[in-house]
Amino acid sequence: MLDFFTIFSKGGIVLWCFQGAGVTESFTGPVNALIRSVILQERSGNNSYTHEALSLKYKLDNEFELIFVVGFQKILTLTYVDKFIDDIQLHFRDRYKNELEQKGALKLIQNNFEFDDDFKMLLREAEESSKARNHATMRTFKESEKSQKTVKSMIETKGGEKVKEPGGKKNKNTKKESPAAEPVKVDQGKASSSGPKVVENGNQGLTPEEIVQKNREKFILKRTMVPTAKPIHSKSPKPQKPKEKQMRVWGDRGSSTKELDYSGRNGDGSQNGGDQNQEAHIDLGMQLSSMKGDLLSVDYETSEEEEMEVEEEEKVVISETSKTSSKKGGGFGGMFGMLKGLVGSKSLTREDMESVLEKMREHLIAKNVAADISSQLCDSVAKKLEGKVMGTFTTVASTVKQALQDSLVQILQPKRRVDILRDVMEAQSQRKPFVITFCGVNGVGKSTNLAKISFWLIENGFTVLIAACDTFRAGAVEQLRTHQRRLNSLHPPQQHGGRPVVQLYEKGYGKDAAGIAMEAIAYARNQAFDVVLVDTAGRMQDNAPLMTALAKLIALNMPDLVLFVGEALVGNEAVDQLVKFNQALADHSMSDKPRLIDGIVLTKFDTIDDKVGAAISMTYITGQPIVFVGTGQTYNDLRSLNARAVVSALMKA
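The model shown is predicted, which means the values in this text are computed figures rather than measured ones.

Enquirer: I would appreciate a short explanation of the pairing of strand E6 (residues 434-439) in the present structure.
Expert: Residues in a regular strand point their side chains to alternate faces of the sheet. Of all 6 residues making up E6, 6 are buried, and the element is well covered by its neighbours. Two elements, E6 and strand E9 (residues 531-536), share 5 bridges in a ladder whose sense is parallel. Following the sheet pairing, threonine 437 is matched in E9 by valine 534. The pairing of E6 with strand E10 (residues 561-567) spans 4 bridges and is parallel. Within E10, the residue paired with phenylalanine 438 across the bridge is leucine 563.

Below you can see the structure in the form of structure tokens.
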């Protein structure tokens, strides 16, 4: 049933392994994929992993730095695997405790772990126990609870309460007596006398006539109370309105252009922004000289006050944990409880970390990390620390926080080389354009950030062709043409041998986007452009026809880089967007290895203060790096991601 079972250290030394009968393929491929995709990327919250046709379950032993991995066919449903891997871990630890306590890789290699007989015995017991559980006989109808129910017990009234047998008879009698006019007064008396009962139990036990009378009285009371309640509240003073712009009066002012030029004056005739124009010229000069070379990284500096706040929070958490420990320990509280919280006397358990992890999870959600990902991150940290012996005079809160911080930095750091300038130069040497496709939902800033990236590439001496493949949104082509005109004015063709550094390739609206992209790439190859930036239409992740069109564009043109543009304001929606974009690209691709999202452009980063959780959500879901960060509205407001700066902002109190 099992394909393989292996036990190895976190240093990569295989201590013992087992391969099932008839299994010819080595287990190293699936295990290496598990290490690369899960363990090294801090994704150990879920203890299962799928690799091709195999399903892998794993367990971490943090005390002895061991990893237990079992692999079996994905189509099998083996219910005993979770308990079996726990039993193997405990049995292996107990038998070889002395050998495992000897630190050093050389000593582990020298030891001989004869575990075959114990493994087969535990496997036999697990399989037999699962068979015994699976053959449970079904109950007969008479043994079930349904057979005990009667028809009367299943009848429901209008109020939603099930009627008991005596209650049902009373309701029938009252319905027969209801046509008389006099009993209405009696019902009013009943309603008034049973007032406290109504308040406590709602409409339970009332006849339909009593419910109608009760609602009528409520309505009359509401009508009488509304006019008297209005004069009670005194009117609050109205806030003063800000000074409005004065309306300009157009008269016979002459035909002189100087008299008709109002760009430097306000409506009241005062001068407007003589200094601003000078600043604009200065900013323009800064733009022209600030984007050469690699992009600046996003910086975040913590002040001393913020660090003090963090320390105070940790003290609060320590005091809470010491209170709970003193309650559990009875009279041994006070100083002993505090020392127990500080001194590393024992290995960490899940119960020790529960309160701290819950606070960390709430903190991450408040910082805009998706709720599911916050839970997975905290579970991953718990599995990473469970069984680990704490250092002397270290608190649980500081240990958990440091582990979470390390995990977040590990997630944000790119798993592969991200150097677009180098990739463009490599494509340049092969005499072909480097193609980047931008995709994302509506209104996240694809065209704007495409123009920023164009400016950065131009500053580094490359020529850019913009392919206008957004043939759906009105004004999309005109927006790109405006950016092209502005970029060419910042870098005039005279400075580049009479050739414009940016050109726009467009075929108007209503055309096939994939065809336009293909023609643009061919045009760029013929005209020796260095980079092609493909702008696509914004689309919601649930729009199947538009997602199919995007998958077709990427599958036909095979761009060098597919960038997902997402805004930093989203929380849980980021998970849904990225999962469905990747799923659509995989479903509608015609190849066995479909092109998925290669990187992320995070926009509107300047609008979120320290709520930077969207960066964590996006990188955790895709496993792809954040290549660009948009931090403003001008061409030079483009940055690269600094993982440690983002994590420090995320952990800020």
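Text resumes after the structure shown.
Enquirer: Explain the UniProt feature "domain: SRP54-type proteins GTP-binding" (unreviewed entry) in the protein chain to me, please; I cannot follow it from the model alone.
Expert: Mapped onto the present numbering, the UniProt feature "domain: SRP54-type proteins GTP-binding" (unreviewed entry) falls on residues 625-638. Here residues 625-638 runs as 0% helix and 43% strand, with 16 Å between its end C-alpha atoms.

Enquirer: Please explain the sheet that holds strand E13 (residues 638-639) as it appears in this structure.
Expert: Within a beta sheet, neighbouring strands are joined by backbone hydrogen bonds and run either parallel or antiparallel to one another. Read from one edge of the open sheet, 8 strands run E8-E7-E9-E6-E10-E11-E12-E13, paired in mixed fashion. This sheet does not close on itself; its edge strands, each paired only once, are strand E8 (502-505) and E13. Sitting on the sheet, helix H19 (residues 476-490) touches strand E7 (464-469), E8 and E9, and the angle it makes with E8 is about 165°. Along the sheet face, helix H20 (residues 513-526) touches E6, E7, E8 and E9 and points at about 165° away from the line of E7.

Enquirer: So what exactly am I meant to see when it comes to the nonpolar core here?
Expert: Soluble, globular proteins show a tendency: their nonpolar side chains are buried together. Membership of the largest hydrophobic core comes to 114 residues, with the highest contact counts inside it found for Trp456 and Phe628. In terms of residue count, the dominant contributor to this core is helix H16 (residues 396-412) (9 residues). Summarising the domain contributions, this core has at least three residues from each of domain 2 (347-412) and domain 3 (420-642). Beyond its immediate stretch of four places on either side in the chain, tryptophan 456 contacts Met291, Gly293, Asp294, Leu295, Ile420, Leu421, Phe628 and Leu638. If you look at the next biggest cluster of nonpolar residues, it comprises 27 residues, including Trp16, Phe68, Phe72 and Leu122.

Enquirer: Honestly, H20 in this entry has me stumped. Any pointers?
Expert: Two residues of an α-helix separated by three or four positions point the same way, owing to the 3.6 residues in each turn. Along its 14 residues, H20 runs 20 Å from first to last C-alpha, staying within 8% of the 20 Å computed at 1.5 Å per residue. Within H20, the full set of buried residues consists of Ala514, Ile516, Ala517, Ala520, Ile521 and Ala524. Projection of H20 onto a plane perpendicular to its axis shows the buried side chains occupying an angular sector of 160°, all on one side. Considering only its buried residues, H20 is in contact with E6, E7, E8, E9 and helix H21 (544-557).

Enquirer: Would you mind going over the packing of aromatic side chains with me for this structure?
Expert: Two aromatic rings are characterised by how far apart their centres lie and by the angle between their planes. Applying the stated criterion across every chain, the model contains 20 aromatic pairs. The interplanar angle of 55° and the centroid separation of 6.4 Å between the aromatic rings of phenylalanine 5 and tryptophan 16 together place this pair among those described as tilted. Of this pair, phenylalanine 5 sits in strand E1 (residues 2-9) while tryptophan 16 sits in strand E2 (residues 14-19), placing them 11 residues apart in sequence. By relative accessible area, which is 0% here, phenylalanine 5 ends up buried. Relative to phenylalanine 113, the ring of phenylalanine 92 has its centre 5.6 Å away and its plane inclined at 35°; by these criteria the two rings are tilted.

Enquirer: Looking at this structure, how should I read a nonpolar patch on the surface?
Expert: On the surface, Met518, Leu556 and Met590 cluster together into a nonpolar patch covering about 330 Å² of accessible area. Positionally, leucine 556 belongs in helix H21.

Enquirer: Looking at this structure, how should I read the environment of glutamine 633?
Expert: Positionally, glutamine 633 belongs in the loop between strand E12 (626-630) and E13. On the basis of relative accessible area, glutamine 633 is assigned to the exposed category, the value being 79%. Spatially, the C-alpha atoms of glutamine 633 and aspartate 606 are 9.6 Å apart, while their sequence positions differ by 27 residues.

Enquirer: Whenever I open this one, the pairing of E7 confuses me. Can you help?
Expert: Among the 6 residues that make up E7, 6 are buried, leaving the element largely enclosed by the rest of the structure. Because side chains alternate across E7, one face comprises the buried residues Val464, Ile466 and Ala468, and the other comprises Leu465, Ala467 and Cys469, equally buried. Taken together, the 4 bridges between E7 and E8 define a ladder with parallel strand orientation. The residue bridging isoleucine 466 from the neighbouring strand is leucine 504, located in E8. Considered for its hand, the β-α-β crossover made up of E7, H19 and E8 is right-handed. Here E7 pairs with E9 via 6 bridges, running parallel. Bridging across to E9, alanine 467 finds its partner in valine 534.

Enquirer: Is there a simple way to think about helix H17 (residues 420-429) in this case?
Expert: For H17, the set of buried residues is Ile420, Leu421, Asp423, Val424 and Ala427. Buried residues in H17, looked at end-on, bunch into an arc of 160°, giving them a common side. In this structure, the buried side of H17 is in contact with E6, helix H18 (446-459), E9, E10 and E12. Positioned one or two residues after H17, arginine 431 has a phi angle of 60°, which is positive.

Reading guide: rules and limits
- Throughout this document, residue positions are counted from 1 along each chain, in the order its sequence is written.
- The predicted nature of this model means local features are confined to residues of pLDDT at least 70 and side-chain atom pairs, given and counted, to a pLDDT of 80 or more, with totals for whole chains, interfaces and linings taken over all residues.
- Side-chain measures were taken over the full set of non-hydrogen atoms in the model, leaving aside hydrogen atoms and water.
- Each residue is placed in one exposure class: buried if its accessible area under a 1.4 Å probe, protein chains only, is under 20% of its type's maximum, exposed if it is over 50%, and partly exposed if it falls in between.
- Only DSSP runs of H or I reaching four residues or more are called helices, and only runs of E reaching two or more are called strands; each is numbered from the N terminus.
- Strands were regarded as paired on the criterion that DSSP finds at least two bridges between them.
- UniProt positions are given in the numbering used here, feature names are shortened, and annotations may be inferred rather than shown by experiment.
- By the convention used here, residues are in contact when the closest approach between their heavy atoms is within 4.5 Å.
- As a rule, the C-alpha atoms of each element are fitted with a line to give its axis, helices using only the stretch in contact, and angles between N-to-C directions run from 0 to 180 degrees.
- Among the buried residues, those of types Ala, Val, Leu, Ile, Met, Phe, Trp, Tyr and Cys that are joined through side-chain atoms within 4.5 Å form a nonpolar core.
- By convention here, the domain bounds are inherited from an automatic or database domain assignment.
- Helix span, expected: 1.5 Å multiplied by one less than the number of residues in the helix.
- This arc is built from the directions going out from the helix axis to the C-beta atoms.
- Any two rings among Phe, Tyr and Trp, with Trp reduced to its six-membered ring, count as a pair given centres within 6.5 Å; such a pair is stacked if its planes are under 30 degrees apart, edge-to-face if over 60, and tilted if neither.
- Like-charged residues within 9 Å of one another, or nonpolar side chains (Val, Leu, Ile, Met, Phe, Trp, Tyr) within 5 Å, are grouped into patches, provided each residue has over 30% relative accessible area and no salt bridge.
- Only the protein chains shown count as cover for residues, and all accessible areas are computed by the Shrake-Rupley method using a 1.4 Å probe.
- The salt bridge definition used is simple: a Lys or Arg side-chain nitrogen within 4 Å of an Asp or Glu carboxyl oxygen.
- If you view a crossover with the strands going away from you and the path from the first strand over the helix to the second runs clockwise, you call it right-handed.

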